[in-house]
Amino acid sequence: MTGQRAEKPVLRVLGGEAVWPPPVWLMRQAGRYLPEYRKLREKAGNFIALCTTPPLATEVTLQPVRRFGMDAAILFSDILILPWALGQKLRFAEGEGPRLERIDGLAGLEALDPAALRQGTEPVMETVSRVRAELPPETTLIGFAGSPFTVACYMIDGRGGDFPLTREVAYADPALLAAVIETVTTATIDYLSWQIEAGADCVMLFDSWAGLLPPDLFRAHVIHPTARIVEQLRVRHPGVKVIGFPRLGGLMTLPYIADTGVDAVGMDTSVDPVALARLAPRRVAFQGNLDPLLLRAGGISLGQAVERIARGLAGHPHIFNLGHGIVPDTPPEHVAAVIERLRSLEPGELEE
Ligand code: CP3
C-alpha cells in the first residue's frame, strides 16, 4: 500500500518533489457546473442528503475524475457537516447558502454533543471507503475539514457574509470564541483521523475566512489550532500529508507556513506564486492558484495564465489548482481545456 501511495503524483509533490507538468485537481470540482451533478443533486432532494448518502456522494466525488482525469478526487461533503454532526441545526436554503442555528453563548456550545460525532459522520467514512475502492491507483483521495476558525465563523454568525458577530465575539467575549475553536479543533482531529483510517491519502484544511483576522488573532485562531491538528494527525498517522489553505492570509501566510507544519499551502487568487515561493520560510509544496472567474471566462488569457502559473513554479513542488472554488456557471469545456493545456506543456522557458 505504501509503495503504491508513493507513486501517486499528488503525494509525490506533497512529499516535496517537483513534478512536471504539475498534477492537477480543482476546488469544487464536483458541483453545479456539471450536468451529471445537477441530476444526482435533484435525486437526493437536499444537499445534506447528498452528502450523507454514500452511494450518491461516492458517485458525485468520482464524476470529475471520470470526466477530466483529475489527479486527485476530493471527498464530496461540506465543512459544515462537522457542526451538523455535533448537533447544530443546519439547512441549505435554495440559492442562499447555509443557515445554522447560531451559537450565541456557552450554553449553546455546551448543548452540542461531541460524542455524537462518530455516528453522525459514519456516512462520510463509508463514502471515503467506497471512493477509495473505485479510484484508479494513481489518483489521490483527499479528505478534508474546515479549519476551526472558518467553521466557528458559520457556527457563531449562522450564515455566510463577513461574519460581524464572530469578529465582535473575538473582542467582546474571547472566552466564547476560544471555546468554540477548542471544540471544533478537538472534533476535527478525530474527524480527519477517521477519514484517513477509511482510506483518504491526505487531508486538506479549508480556512476560507482566515484573512478576516488581524495578526495577533490570526496567530491565536488560525495558526495555533492548525498546528495542533497537524501535530495530532502526525502522532496518529505518521507521515500523513496535510494541505492548509489560509485564504486571503496575506503576509501571515509566511508564519502560517513556518509554524503550522503543513506540507503544502493553498494559494488564493491574490497570491503571486513566484513571490511566495521566494519568500516561503521553509520547503513547502504550493497549490493553486488560477482565478475561478478566468476559468469561467475562458479564451486565450485562460491558457496563458495556466502556463504562467505552472512555469512560475517549475522546479518547486506544485499542485495546480484554482485560487478558490469553481463557480456554478463555469463551462465544463473550459475545465477540460485547462487540463489539456497543462498536460501538453513542454519543459523549458516561458515565452512572454
Ligand atoms: O468538490 C469539492 O471541492 C468537494 C466538496 C466541497 C463542498 N464544499 C461542496 C459544496 C468542499 C471541499 C466544500 C468546502 C466548503 N464549504 C467551504 C470552504 C471552501 C470555500 O468555498 O471557501 C465553505 C466555506 C463551505 C460552506 C458552504 N457550502 C457554502 C458557503 C455553501 C453555499 C455556496 C454555494 O456554492 O452554494 C455551501 C454549499 C456547497 N458545498 C455546494 C457544494 C457543491 C453547493 C450545494 C448545491 O449543490 O446547491
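Residues numbered from 1 in each chain as written. Predicted model: local features only at pLDDT ≥ 70, side-chain atom pairs only at ≥ 80, totals over all residues.

Engineer: Teacher, can you tell me more about the overall build of the protein here?
Structural biologist: The number of helices and strands found in the protein is 18 helices and nine strands. In terms of overall dimensions, the protein is globule-like: its C-alpha atoms have a radius of gyration of 19 Å, near the 20 Å expected for 352 residues. Here the protein, with 352 residues, has 46% of them falling under the buried criterion. In the protein, 73% of the contacts between residues at least 6 apart in sequence involve partners at least 24 apart. (Helix = DSSP H or I, 4+ residues; strand = E, 2+ residues; numbered from the N terminus. Rg over C-alpha atoms; globule rule 2.2 N^0.38 Å. Buried ≥ 20, exposed ≤ 12 C-beta atoms within 10 Å, placed from the backbone. Contact = placed C-beta atoms within 7 Å.)

Engineer: Hey, could you run me through the confidence of the model for the protein in this one?
Structural biologist: When pLDDT is low, close inspection of the predicted coordinates is not appropriate. On average, residues of the protein carry a pLDDT of 96, and 97% of them reach 70 or more. Considering each helix and strand of the protein separately, the mean pLDDT is smallest for helix H1 (residues 2–6), with a value of 51, and largest for strand E4 (residues 140–146), with 99. Prediction confidence for the complex, expressed as pTM and ipTM, is 0.96 and 0.95 respectively. (pLDDT = per-residue confidence, 0-100.)

Engineer: What exactly am I supposed to notice about unusual backbone geometry here?
Structural biologist: Trans is the prevailing form of peptide bonds, just as negative phi is the prevailing case for residues other than glycine. In this chain, Trp20 is followed by Pro21 through a cis amide linkage whose omega measures -10 degrees. By the secondary structure assignment, Pro21 is in the loop between helix H2 (9–14) and helix H3 (35–44). A positive phi angle, close to 60 degrees, is found at Arg28, a residue other than glycine. Located in the positive-phi region is Leu248, a residue other than glycine, with phi close to 60 degrees. Relative to the helices and strands, Leu248 resides in the loop between strand E6 (241–246) and helix H14 (253–260).

Engineer: Please explain the site of the ligand as it appears in this structure.
Structural biologist: The immediate surroundings of the ligand are formed by 21 residues, with Ala30, Gly31, Gly97, Phe206 and Ser208 found nearest. Among the residues forming the shell around the ligand, the class breakdown is eleven nonpolar, six polar and four charged. (Near = placed C-beta within 6 Å. Nonpolar A, V, L, I, M, F, W, Y, C, P; charged D, E, K, R; others polar.)

Engineer: I keep staring at helix H11 (residues 164–172) and nothing clicks. Help me out?
Structural biologist: Helical periodicity: at 3.6 residues per turn, an α-helix aligns residues three or four positions apart in one direction. Residues Thr166, Val169 and Ala170 constitute the buried set of H11. With its buried residues spanning 110 degrees around the axis, H11 presents them on a single face. Projecting away from the buried face of H11 at angles above 90 degrees are the exposed residues Pro164, Tyr171 and Ala172. Turning to H11, the residues buried within the fold contact helix H10 (148–157), helix H12 (174–198) and helix H13 (215–236). (Arc of directions from axis to C-beta.)

Engineer: In this structure, what is going on with the UniProt feature "binding site: substrate" (unreviewed entry) in the protein? I would like to understand it.
Structural biologist: Following the UniProt record, one finds the feature "binding site: substrate" (unreviewed entry) at Arg28, Gln29, Ala30, Gly31, Arg32, Asp78, Tyr154, Ser208 and His324. Their sequence span is 297 residues, while the largest C-alpha to C-alpha distance among them is 22.5 Å; these annotated residues do not converge on one region. Mapped onto the elements of the fold, Asp78 is located in the loop between strand E1 (72–74) and helix H6 (81–85). The exposure class assigned to Asp78 is partly exposed, which follows from the 19 C-beta atoms found within 10 Å. As for its position among the elements, Tyr154 is in helix H10. Among residues more than four places away in sequence, those in contact with Tyr154 are Leu80, Pro98 and Leu100. (UniProt positions renumbered as here; feature names shortened; annotations may be inferred.)

Engineer: Please explain the environment of Val306 as it appears in this structure.
Structural biologist: Its place among the elements puts Val306 in helix H17 (residues 300–312). Judged by C-beta crowding, with 23 C-beta atoms within 10 Å, Val306 ranks as buried. Between the alpha carbons of Val306 and Leu342 there is a distance of 6.8 Å; along the sequence they are 36 residues apart. In contact with Val306, not counting residues within four places along its chain, are Leu290, Val338, Arg341 and Leu342.

Engineer: Help me understand the pairing of strand E9 (residues 318–322) in this model?
Structural biologist: Side chains on a regular strand alternate between the two faces of the sheet. Most of E9 sits out of view: five of its five residues are buried. Side chains His318, Phe320 and Leu322 project from E9 onto one buried face, and the interleaved Ile319 and Asn321 project onto a second face that is buried too. Pairing of strand E8 (residues 285–290) with E9 involves five bridges; the strand directions are parallel. Within E9, the residue paired with Leu290 across the bridge is Leu322. (Pairing = 2+ DSSP bridges.)

Engineer: How should I be thinking about the nonpolar core in this particular structure?
Structural biologist: In a soluble, globular protein the nonpolar side chains are often hidden away together inside. Counting 103 residues, the largest nonpolar core has Leu82, Ile142, Ala152, Val180, Cys202, Val242 and Ala264 as the members making the most contacts within it. Counting residues per element, this core draws most heavily on H12, which supplies ten residues. Filtering out sequence-adjacent residues up to four positions away, Val180 remains in contact with Ile103, Leu109, Ala152, Met155 and Ile156. (Core = buried A, V, L, I, M, F, W, Y, C linked by C-beta atoms within 7 Å.)

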